[in-house]
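# Tertiary structure, described
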Amino acid sequence: MKHYWSKIAVALGPAIVMVAVVWELVRTNPAYNFLVEPWALSGYETDQGWTYFAVGLVLLLLGLAVIPKRSVEIPYSATVVALAVVASTILGLVFGPATVSITFSGLIMALLTLITTMMLYRFFKSLVIPRVPALDRTIVRLVAWFGTFFGLFFLLSSTVGKSTVEMNMGLAIFLGTGLLGLYALATSPHGLAANRVLIFSSVLGGAVIGMSGGSLRTTLLDAQTAATGVSAQYKDVQVGYGWFIALFGIIILFVGSVALWATRRDIIIARTRAKAQRAAAEKSAKEIQESNEQYAREKAAEATAVAAPAAPTS
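Values in this document were obtained by computation on a predicted structure and should not be read as measured data. (Residues numbered from 1 in each chain as written. Predicted model: local features only at pLDDT ≥ 70, side-chain atom pairs only at ≥ 80, totals over all residues. Heavy atoms only, no water.)

Reading across from one edge, β2-β1-β5 is the order of the 3 strands in this open sheet, with antiparallel pairing throughout. Bordering the open sheet on either side are β2 (40-42) and β5 (237-239), each of which pairs with just one other strand. Each strand of the sheet is rotated relative to its neighbour by a mean of 10°, with strand direction disregarded. As judged from the 3 bridges shared by strand β1 (residues 24-28) and β5, these two strands associate in the antiparallel manner. Residue Thr28 lies in a different strand from β5, and its bridge partner there is Val237. (Pairing = 2+ DSSP bridges. Helix = DSSP H or I, 4+ residues; strand = E, 2+ residues; numbered from the N terminus. Axes fitted to C-alpha atoms, helices over the stretch in contact; angles between N-to-C directions.)

Rendered as structure tokens:
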């Protein structure tokens, strides 16, 4: 039942985000005593509203791709991750500015280094250690993790530290979502990569919607100035129901995607444990059978030796 409702939430959440385009996203405080026009703006009258719609559409398509049971198959999951990265890049190119300025402060570099280190460590843990068991030691893991982290941080600090880089919006989104996609693919169980990307995407979508409140208020003030030559004060403009509806949809999606991921993870872990136990039982049964056969052969050899007539003596 939990699995069933999580699927409904994964599909319903993005649909609610898309519906926000028909609601008021920003409005002037009803207690404002001066006449201004327009008094409020609906989602379809703003670029932000259509951005909400596009975000909801991408999340809906991603959610529908994750809902089927076959999404835990590694090839299918990897394909969904790749399509999510492409869709996010296209979304940024269409609805975002042409360029974005990225200042590589200490915090930004630390976050980039942390994400990259975790991704590389996942690859090391899942691909290298199983092939080289001698590296499966705590000291080796610690040296690999911290060595990678400080090495990458030093590399970023010495190359782009404290500088501001103008980057194409599409390229910036491609690099960011690409890193998250690789991290999702590198994390075990690998079949849940698409589920993880859905969780990451819901968080990113919530951040886009949550941080758009200021730009919505500015958009309404600019529209008032263009229409009448005067505008309300910034403090007298507030986000409308549409903004809260969109965030509510994101919350439903996030809860549903986490529940779906947790349920499938438990199923995969249980199946893996059962498979390992079955393999151990089969191995033990085979060893017991071989031991019984060996014992039977030894007893047969002893019986043959006793039954054989003694050799005649002269």
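So that's the structure; there's more coming.
Here we come to the packing of aromatic side chains. If you walk through the whole model with that rule in mind, you get 9 aromatic pairs. Arranged with centres 5.7 Å apart and planes meeting at 75°, the rings of Tyr4 and Trp5 form a pair that is edge-to-face. Look at Trp5 and you get exposed, because its relative accessible area is 51%. Between Trp145 and Phe146, the aromatic rings sit 5.2 Å apart at their centres with planes inclined by 70°, giving edge-to-face as the arrangement. Through a chain of ring-to-ring contacts, three or more aromatic side chains come together here, namely Trp145, Phe146, Phe149, Phe150 and Phe153. (Phe/Tyr/Trp six-rings, centres within 6.5 Å; stacked < 30°, edge-to-face > 60°. Buried < 20%, exposed > 50% of the residue type's maximum accessible area, 1.4 Å probe, protein only.)

Side chains on a regular strand alternate between the two faces of the sheet. Of the strand pairs in this sheet, β1 and β2 are connected by 3 bridges, and their pairing is antiparallel. Counterpart to Arg27 in the pairing with β2 is Ala40.

Our focus in this paragraph is the packing of helix α2 (residues 47-66) against helix α7 (residues 193-210). Think of two packed helices as two axes; the pair is described by the angle between the axes and how far apart they sit. In contact at an axis separation of 10 Å, α2 and α7 are set at 165° when each is read in the N-to-C sense. For the element pair α2 / α7, the angle class is roughly antiparallel. You can see that α2 and α7 cross each other, and the crossing is left-handed. Here Thr51, Tyr52, Val55, Leu59, Leu62, Gly63 and Val66 of α2 lie close against α7, whose contacting residues are Ala194, Asn195, Val197, Leu198, Ser201, Ser202, Gly205, Val208 and Ile209. Residue composition of the contact of α2 with α7, grouped by class: 10 nonpolar, 6 polar and no charged. (Parallel < 35°, antiparallel > 145°, perpendicular 65-115°, else oblique. Left-handed = near helix turned anticlockwise from the far one by under 90°. Contact = heavy atoms within 4.5 Å. Nonpolar A, V, L, I, M, F, W, Y, C, P; charged D, E, K, R; others polar.)

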